[in-house]
Amino acid sequence: YGEQKVITKPAAQAYVREQGQVRFEKVCQNCHGEQGEGKQDMPRLAGQPADYITQTLTNFRNKDPKRQASVMTGITASMSDEDIHAVAHYIQELEL
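A quick note: this is a predicted structure, and the numbers were derived from the prediction, not measured.

Chemist: Could you give me a rundown of the layout of surface pockets, with the residues and numbers involved?
Modeler: A volume near 340 Å³ is recorded for the largest pocket. Residue lining of the largest pocket: 20 residues in total, with His32, Pro43, Leu45, Phe60 and Met72 positioned closest to the centre. With 5 residues, helix H2 (residues 50-61) is the single largest residue contributor to the lining of the largest pocket. Its residues placed into classes, the lining of the largest pocket shows 14 nonpolar, 4 polar and 2 charged.

Chemist: How would you summarise the pattern of salt bridges if you had to cite specific residues and measurements?
Modeler: Going through the model one piece at a time under the given rule, you end up with 3 salt bridges. Arginine 23 is the partner of aspartate 83 in a salt bridge, and the nearest nitrogen-oxygen pair spans 3.8 Å. Of the two residues, aspartate 83 is situated in helix H4 (residues 81-91) and arginine 23 in helix H1 (residues 14-32); the sequence distance between them amounts to 60 residues. A relative accessible area of 16% places arginine 23 in the buried class. Arginine 61 is the salt-bridge partner of aspartate 81, the closest N and O atoms lying 2.8 Å from each other. Of this pair, aspartate 81 sits in helix H4 while arginine 61 sits in helix H2, placing them 20 residues apart in sequence. Its relative accessible area of 55% is what places aspartate 81 among the exposed residues. Of the residues examined, arginine 61 reaches a relative accessible area of 18% and is grouped as buried.

Rules used throughout
Residues numbered from 1 in each chain as written. Predicted model: local features only at pLDDT ≥ 70, side-chain atom pairs only at ≥ 80, totals over all residues. Heavy atoms only, no water. 1 Å grid on protein atoms, 1.4 Å probe; cavity = no way out; pocket = protein on both sides within 12 Å on 5 of 7 lines; lining within 4 Å. Points joined across faces, edges and corners; volume = space filled by probe spheres on them. Helix = DSSP H or I, 4+ residues; strand = E, 2+ residues; numbered from the N terminus. Nonpolar A, V, L, I, M, F, W, Y, C, P; charged D, E, K, R; others polar. Salt bridge = Lys/Arg side-chain N within 4 Å of Asp/Glu carboxyl O. Buried < 20%, exposed > 50% of the residue type's maximum accessible area, 1.4 Å probe, protein only.

Right under this line is the structure:
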């Protein structure tokens, strides 16, 4: 995936994008990069479809047994459905 061309899709509503950007900058960018480009052993997020990000973050938050060892379980524990929705839609419009 990391080598594929990023195909972005804009968030449906500006306020969702803004909420997602605030949350991304606070929670995600330290590990995943300022533009979601990924770092060292952290995956690229930029351009990932919102549905995929939503499902993945929800699985982490809900402590999916396949993902329990991940640091993301703790990071997503306090994220609401609204937070996840906003971050997912912000991420899908990030370009490299």
